[in-house]
Amino acid sequence: MEPDERDSVAAWWHMVVRNLRSFPHSCSTLGRKIASLCDSFTSKSLKEHICPPLMHMLIFVNFFKAPFLVDLKKPELKIPHTVNFYIQVEPGVILGIWHTVPSCRAEDAKGKGRSWYEAALCDGNPIVVYLHGSAQHRAASHRLELVKVLSNGGFHVLSVDYRGFGDSTGTPTEDGLTADAVCVYEWTKARSGTTPVCLWGHSLGTGVATNAAKVLEEKGFPADAIILEAPFTNIWVASINYPLLKIYRKLPGFLRSIMDALRKDKLVFPSDENVKFLSSPLLIIHGEDDKTVPLEFGKKLYEIAHNAYRNKERVKMVIFPPGFRHNSLCKSPALLHTVRDFLSQQWA
């Protein structure tokens, strides 16, 4: 708060404290609690109270749980040969996940439950752990379109709702989303036998994917492959260029407020730093006309990764022509071929 604001609040508070002295002991205890809360509030500026929660909301947008009126426990109403299940990451955090098997196994999947789907993970068909972007949940239409394309292409797909998204419990944080991705990947690897597992991140999910990949690398078990769809370099740069915030960039102190808020909320998603420590096959795909996360970010991330990787053949970038923007690369006829070609070369 500004000095005048603090003086006014302080004067008001001293008056409250004087009145509380005449109350019984129990009320004095309440008064001390109120005093503590007041001191905490007045010790910070209004900007400090508002900016971090606002940025947290704009980064995750997990409150927007569209499409609405979808029963996430019944995926068969939205997409075939799919089962819903839950994984506990830690106390208080349970993730909702949809497992879609390759369409070539659709007949086998009819009438089957979770145990059959889990056993199917080691059938030799490659597996994608799909880490979506901000807002909505695993039943969003553009996400289902991608899952159908991958399923038709012979992939298992595990569509994960992070903590606080969809019907998953908990509150989203950067560390929390990273832990979610690592947990699902390790859970999948423990059941996949020799079948390779790929981390696929889209938009915000690219930051989650590189965070998780770095953790796996540090554990000595690198991800079998990583696909980054419409990635940014880090969330600080992405936030400054976010369409909703771009119009305010010229306001005095705006950029500093944004950076301070992100720093306070420990939001970085530093893909540009993470890729320097990775050895997993890395494919970056980006639409030329992406206005949400501009192509220049994907190109910059590729440049950093290509320079850092010892084996340059493990890093590739494919740019898709105009028409697919941010959420619709799955509509490109070239997507499936691009992914399968890259992975087959890397896993040969």
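Model, not experiment: these values are computed from the prediction.

Calculation notes
- Residues numbered from 1 in each chain as written.
- Predicted model: local features only at pLDDT ≥ 70, side-chain atom pairs only at ≥ 80, totals over all residues.
- Heavy atoms only, no water.
- Axes fitted to C-alpha atoms, helices over the stretch in contact; angles between N-to-C directions.
- Helix = DSSP H or I, 4+ residues; strand = E, 2+ residues; numbered from the N terminus.
- Left-handed = near helix turned anticlockwise from the far one by under 90°.
- Contact = heavy atoms within 4.5 Å.
- Nonpolar A, V, L, I, M, F, W, Y, C, P; charged D, E, K, R; others polar.
- Core = buried A, V, L, I, M, F, W, Y, C linked by side-chain atoms within 4.5 Å.
- Buried < 20%, exposed > 50% of the residue type's maximum accessible area, 1.4 Å probe, protein only.
- pLDDT = per-residue confidence, 0-100.
- Phe/Tyr/Trp six-rings, centres within 6.5 Å; stacked < 30°, edge-to-face > 60°.
- Lys, Arg positive; Asp, Glu negative; His and termini not counted.
- Salt bridge = Lys/Arg side-chain N within 4 Å of Asp/Glu carboxyl O.
- Polar contact = N/O pair within 3.5 Å; in protein donor to acceptor, adjacent residues only side chain to side chain.
- Pairing = 2+ DSSP bridges.

*Asks:* Looking at this model, I keep getting lost on the packing of helix α7 (residues 174–189) against helix α8 (residues 204–219). Mind explaining?
*Replies:* Each pair of packed helices gets described by two things: the angle between the helix axes and the distance between those axes. With their axes 8 Å apart at the nearest point, α7 and α8 run at an angle of 65 degrees to one another. Once α7 is placed against α8, the crossing between them reads as right-handed. In this structure, α7 contributes Glu-174, Leu-177, Thr-178, Ala-181, Val-182, Tyr-185 and Glu-186 to the contact, and α8 contributes Leu-204, Val-208, Asn-211, Ala-212, Val-215, Leu-216 and Lys-219. Across the contact of α7 with α8, the residue classes break down as 9 nonpolar, 2 polar and 3 charged.

*Asks:* Where do I start with the nonpolar core in this structure?
*Replies:* Soluble globular proteins: nonpolar side chains tend toward being buried together. By size, the foremost hydrophobic cluster in this structure holds 62 residues, and its most contacted members are Ile-59, Leu-199, Phe-269 and Leu-282. If one sorts the elements of this core by residue count, α7 sits on top with 7 residues. In contact with Ile-59, not counting residues within four places along its chain, are Ser-134, Leu-204, Ile-235, Ser-239, Leu-262, Leu-267 and Phe-269.

*Asks:* Any chance you could explain the confidence of the model for the protein chain here in plain terms?
*Replies:* In low-pLDDT segments, the atomic positions of the prediction should not be examined closely. Of all residues in the protein chain, 81% attain a pLDDT of 70 or more, and the chain-wide mean is 88. Scored below 50 in pLDDT, residues 40–47 shows 15 contacts in the model against residues more than four places distant or in partner chains.

*Asks:* Just to check I follow, could you spell out the packing of aromatic side chains for this structure?
*Replies:* Aromatic rings in a pair are described by how distant their centres are and how their planes are angled relative to each other. Under the definition given, this model contains 5 aromatic pairs. Taking 5.7 Å as the distance between ring centres and 80 degrees as the angle between the ring planes, the aromatic pair formed by Phe-64 and Phe-68 counts as edge-to-face. Residue Phe-64 is classed as partly exposed on the basis of its relative accessible area, which comes to 37%.

*Asks:* Got a minute to help me understand the side chain of Asp-289 in this structure?
*Replies:* Its location among the elements puts Asp-289 in the loop between β7 (282–287) and α13 (295–308). For the buried Asp-289, no salt bridge is present, and the opposite-charge side chain at shortest range is Arg-325, 4.6 Å distant. Looking at Asp-289, its side chain comes within polar contact range of the main-chain nitrogen of Arg-325, at 2.8 Å. Residues within four places of Asp-289 in sequence aside, it is in contact with Pro-322, Gly-323, Phe-324 and Arg-325.

*Asks:* In this structure, what is going on with the sheet that holds β7? I would like to understand it.
*Replies:* Paired through their backbone hydrogen bonds, the strands of a sheet run either parallel or antiparallel. One open sheet holds the 8 strands; their spatial order is β1-β2-β4-β3-β5-β6-β7-β8, and the pairing between them is mixed. Since the sheet does not close on itself, it has two edges, and those belong to β1 (82–90) and β8 (315–320), each with one partner. Here the strands of the sheet are splayed against their neighbours by 20 degrees on average, with no regard to which way each runs. Looking at chain direction, strand β3 (residues 127–131) and strand β5 (residues 197–202) are connected through 5 bridges and run parallel. Looking across to β5, one finds that Leu-131 is bridged to Gly-201. Taken strand by strand, α7 contacts β1, β2 (93–100), β3, β4 (156–160) and β5, and its axis lies near 120 degrees from that of β1.

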